[in-house]
Amino acid sequence: MGFDFVIGLDKVRRQDIKAAGGKGANLGEIIKAGIPVPEGFVVTTSSFDRLIQVHNLDSKVQDIIATTNVDDTSALLVASQKLKDMILSYPVPPEVVSRVIEAYGRLSNHDRNHSTRSNKTRDFPLVSVRSSATAEDLPTASFAGQQASFLNVKGEYKLIEAIRKCWASLFEPRAIFYRAKHGFSRASIAVIVQEMINSEKSGIIFTIDPTTGENIVLIEAIWGLGECIVGGEVSPDLYKVSKDKAGVERIIDIQISKKTKMRLRDHISDNTAEFDVPENKISVQVLNEEEMLKLSRYAVELEEHYGGVPQDIEFAIENNKIAILQTRAITTTVKEQNKEFELAKGRTVLLKGIGASPGFASGRVKLILGKDEIREVQSGDIIVTTMTTPDLVPTMSKSAAIITDLGGRTCHAAIVSREMGIPAIVGTQEGSKILKDGQKVTVDAYNGIIYEGETAIDRGHVQQQKLEGMITKSPSSLSATTVVKVKVNIAFPQRLEEISSKVDGVGLLRIEHMIAQSGIHPAKLIREGRKEEYIRILMEGIRPIANAFGSKPVWVRTLDARSDEFRNLKGGEDEPVEANPMLGWHGIRRSLDEPELLKAEFEAIRRLHVIEGRTNLGVMLPFVISTEEVKKSKEIAKQVGLPDEVKIGIMVETPACVMIIEKLCQEGKIDFASFGTNDLTQLILGIDRNNESLAKISSAFHPAVLRSMKIVIDTCNQFGVETSICGESGSSTEMARILVRYGIKSVSCNMDAIDTIRAVVSQEEQDRNATLD
């Protein structure tokens, strides 16, 4: 059948892989089988191909691919960055944009009362945006986790941007590596857009046990969104259900795990955030019997629909309704459980876990607790880590076996290990603590057992591909310390150990999410004389982050909640109703009108600084428009007893702030200034950033916005005031390049952009030094 740039998922079938990609084709088949799937559409490969055609990119792409040695880390990373930058530097063809917006409009009119909407008056739904490459989810190769996915995307502009990023992800290092090793010389990419399911429960189903070959239905389930199970961040519940020709027969095994964290939609930002699982649910069974049996029936139906080919299926449950998110063929299984490893008999058992990819291995333990250790992995090492990510794939290919603390049979480590034929044991809980770097061990991944000492193994028993010489770490020339500091934006205390070692500090610590988790509006606490409770909430939220970053600076932004953002909290009903809250009573102007709020925030920082020794904390004042606001804030800080050495800076978000930056440096005596590009852009251009019809003309790269930032940087450099950026554009590689050239002193980006921004900053500095030489 012929395909347009966009087509409804219900029109796609399994033979349409070339147009809809593997994932899209499979989703169409699920719908055909009468199984519930979230409403959505496919941005077909014709759209991506149109971009390539219009801008004459094909020969450029193929030249780079053809001349890149994927086993050379530096060459692969450089090639990947060139290709992604190339794709992102060109606009989406207007004929594609119009079709996407048209389809999104139809989707927004479908079921306006869908429970994932946080506000029924919004015009656009939250959607998931997922890549669907023509070389993924195939019967012979599943390519787990190689391309990008984006959750909780809302609005036409953000949707188009997510699609562009999905297209660029076709050239992620790991994706290029996989295609090369599996013999795919060319690939295109479609993008799946579906209504977002705000999962209360989620998981994965196998219609055969992939580690034993047993003909059962195996289900793994967790609380919240499915990212944690795929990424191996949580050890899931495990359920086994028997099946016969008539379908599902009975539940034969239930194993309940401790599930300590989950990912959910944050109702304030509409972003995905990590939360602690409530104590009363940590060890509680996720799925009830009815859900297990219903999921199993769906799984058996899909297996039969695909001619008896075993399936790997993702599901989500919201408001007791099951939705199937995707299915793909299981590409690697074993026919039967291997007998106990004879050579290991009599040896000391060090640890047990879940045998997720069968096989035997013996060798030296290599602990990977952060990306710095990746470069040290040698061929034949046994990697021991908390959990794996897609970026570790090339390094995994060098190892003899994989051992993880977290995860189940369906996590990323398990799937990729099975694809590569590498023995893997997951869910050991304490592997990275018990096993020591350099320790000699023997792995029996059939039975999930790690033994002390090495054992001579018949290599005929060990299924592994020797894909040598590749690690996912930026080349040393790109990972060295940079003059321009790279910092991170943080809202929650998550992944702190990993992140703190990679950055030079925190350029933005938001306190709004700490408040949201408390469930009470801080103004209500102040009114009711519960100021100490507000101070405690802030200290508990700031403390772990300040501790994790040691001596590195952590800039805490004072409260910047618009009047409509906390209306659902206790006390939020007393918030004023404003015609345009973004231009209303928030930021430092509100804090000065309600000084007890600001005093409590200063007091929390004072106690952490003076009593607990967290001298790395600084204060950032939002939405400043005058030197008087800075002076009054400093007076309040002095009243509270905030030490003089605590740095106080500002957010540069208004044209007024740009125009008086010299006075702010001279009279306000600010210590730093950080750009908030969303507000700065909308105020300079006179554009309501929530107005989707204006998104196409809103850009932080507008000459007026760039000139404003250069004025601020030049002036601040003259007075020795550090400049930074912590807005959304801080994660843009092109913006980072521009600001480094302007002379900015630091760039604060989102967690997922740290490595990329560090590489770009380093490259810009090297290029500048080479020019000077």
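Let me begin by describing the structure that accompanies this report. (Residues numbered from 1 in each chain as written. Predicted model: local features only at pLDDT ≥ 70, side-chain atom pairs only at ≥ 80, totals over all residues. Heavy atoms only, no water.)

**Considerations on the overall build of the chain**
- Secondary structure summary: the chain contains 26 helices and 29 strands in total.
- In the chain, which comprises 773 residues, the share counted as buried stands at 59%.
- Considering only residue pairs separated by 6 or more positions, the chain has 69% of its internal contacts joining residues 24 or more positions apart.
- Accessible area of the chain: about 30,600 Å², with a carbon and sulfur share of 48%. (Helix = DSSP H or I, 4+ residues; strand = E, 2+ residues; numbered from the N terminus. Buried < 20%, exposed > 50% of the residue type's maximum accessible area, 1.4 Å probe, protein only. Contact = heavy atoms within 4.5 Å. Areas by Shrake-Rupley, 256 points an atom, 1.4 Å probe, with all protein chains shown as cover.)

**Concerning the pairing of strand 21 (residues 449-452)**
- Examined bridge by bridge, strand 14 (residues 349-352) and strand 21 share three bridges and lie antiparallel to one another. Paired with Leu351 across the bridge in strand 21 is Ile450.
- As paired strands, strand 20 (residues 440-444) and strand 21 are joined by four bridges and run antiparallel to one another. Considered in strand 21, the bridge of Asp444 is made with Ile449.
- If you look at the hairpin formed by strand 20 and strand 21, you'll find four residues sitting between the two strands, and Gly448 has a positive phi there, around 70 degrees. (Pairing = 2+ DSSP bridges.)

**Focus on the sheet that holds strand 14**
- With respect to topology, eight strands assemble into an open sheet ordered 14-21-20-16-17-18-19-15, the strand pairing being mixed. Of all strands in the sheet, those with a lone pairing partner are strand 14 and strand 15 (354-357), marking the two edges. With strand direction ignored, the average angle separating the axes of adjacent strands in the sheet is 30 degrees.
- As defined by bridge partners, strand 16 (residues 360-368) adjoins strand 20 across five bridges and the pair is classed as antiparallel. Bridge assignment links Arg364 to a residue of strand 20, and that residue is Lys440. (Axes fitted to C-alpha atoms, helices over the stretch in contact; angles between N-to-C directions.)

**Notes on unusual backbone geometry**
- The backbone of Asn56 shows a phi angle near 55 degrees, a positive value even though the residue is not glycine.
- Within the secondary structure, Asn56 sits in the loop between helix 2 (45-54) and helix 3 (58-66).
- A relative accessible area of 58% places Asn56 in the exposed class.
- Within the chain, Phe623 stands out as a residue other than glycine whose phi angle is a positive 60 degrees.

**Quick look at the environment of Asn447**
- Mapping Asn447 onto the fold places it in the loop between strand 20 and strand 21.
- With a relative accessible area of 33%, Asn447 lands in the partly exposed category.
- Spatially, the C-alpha atoms of Asn447 and Phe360 are 9.8 Å apart, while their sequence positions differ by 87 residues.

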